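Structure at a glance
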Amino acid sequence: MLYEAIRILLAAIFFFLGWLIIVKIKPKRKMSWIIGESIVSFGLCIALTFVPIEQGIVTFSTPQQAYHYSRLYPVEVIVEGKETTLVIGKNQTSENPQIIPKVGDRWGVTYPLETTFEMNVFDGFLVTVFQYKDSDEYYISVEGAVEQIESIEDNVGTEFLRFDEQNQPRYFAYVPSLDQNYALTVNGQTIAINEGDRS
């Protein structure tokens, strides 16, 4: 993953330059300086993990490429939004959702804290709401926690995409805004999942 590799490289360069300075000034407690510099370099590497220094500079032609810049999970789900794209990668034990920002007709770099999600069970259905930063870019995932989903719709005419997981259908959709009036209907049951209900 280039995302982590670049940050490790920057921290290594910082450590090397610091080491050269230490060698040149020859302090009395040389080992203490090297240990201190090692700690600072490690901290720098960790801090850079949460800073998308490539944003606005590095872009990709597909959302899969943008996702694989920072994640190695095989991509299972792609849902297009207006200004972003939801990409979910999975391995055998877990899944990793990322909402990738669009940059013109390309996709940019994101970092983990930019995608938030909340899971709730409503009337036997597991509903996950994904959000990009503090924007109005929302994505919804719905799957049956008790019974299978036979029908799904909402009150704004959203198109739901079906993905089958181990013979269990799971539905995804892009929702530009979750206001007080938004309602989801699953198997004839109406579920209110607007911002007010989740806050």
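A few points on the structure. Bear in mind the structure is a predicted one, so any value in this text is a computation, not a measurement.

Reading the values: the criteria
Residues numbered from 1 in each chain as written. Predicted model: local features only at pLDDT ≥ 70, side-chain atom pairs only at ≥ 80, totals over all residues. Heavy atoms only, no water. 1 Å grid on protein atoms, 1.4 Å probe; cavity = no way out; pocket = protein on both sides within 12 Å on 5 of 7 lines; lining within 4 Å. Points joined across faces, edges and corners; volume = space filled by probe spheres on them. Helix = DSSP H or I, 4+ residues; strand = E, 2+ residues; numbered from the N terminus. Nonpolar A, V, L, I, M, F, W, Y, C, P; charged D, E, K, R; others polar. Salt bridge = Lys/Arg side-chain N within 4 Å of Asp/Glu carboxyl O. Buried < 20%, exposed > 50% of the residue type's maximum accessible area, 1.4 Å probe, protein only. Core = buried A, V, L, I, M, F, W, Y, C linked by side-chain atoms within 4.5 Å.

**A word on the layout of surface pockets**
In this structure, the largest pocket encloses a volume near 270 Å³. Lining the largest pocket are Glu76, Val77, Lys90, Asn91, Gln92, Thr93, Ser94, Glu95, Phe163, Asp164, Glu165 and Gln166. Among the elements of the structure, β1 (75–80) and β9 (161–165) are those that each provide at least two residues to the lining of the largest pocket. With three residues, β9 is the single largest residue contributor to the lining of the largest pocket. Looking at the lining of the largest pocket residue by residue, the classes come out as two nonpolar, five polar and five charged.

**Here's the deal with the environment of Gln92**
Within the secondary structure, Gln92 is located in the loop between β2 (84–90) and β3 (95–103). In the structure, Gln92 is positioned 49 residues away from Gly43 in sequence and 31 Å away in space, judged by C-alpha atoms.

**Comments concerning the pattern of salt bridges**
A side chain of one charge can pair with a side chain of the opposite charge if their charged atoms are brought near each other. In total, this model carries six salt bridges according to the counting rule given. A salt bridge links Glu95 to Arg170; the shortest N-O distance between them is 2.9 Å. One end of the pair, Glu95, is in strand β3; the other, Arg170, is in strand β10 (residues 168–175), and 75 residues separate them in sequence. In this structure Glu95 comes out as partly exposed when scored by relative accessible area, which is 30%. For Arg170, a relative accessible area of 3% translates into the label buried. Glu143 is the salt-bridge partner of Arg170, the closest N and O atoms lying 3.5 Å from each other. Of this pair, Arg170 sits in strand β10 while Glu143 sits in strand β7 (residues 138–144), and the two are 27 residues apart along the sequence.

**Focus on the nonpolar core**
Core analysis: the biggest nonpolar cluster contains 18 residues, and Ile140, Val142, Ile152, Tyr182, Leu184, Val186 and Ile193 have the highest contact counts within it. Among the elements of the structure, β6 (125–132), β7, β10 and β11 (183–186) are those that each provide at least two residues to this core. Counting 10 residues, the second largest nonpolar core, distinct from the first, contains Val77, Ile88, Ile99 and Tyr139.

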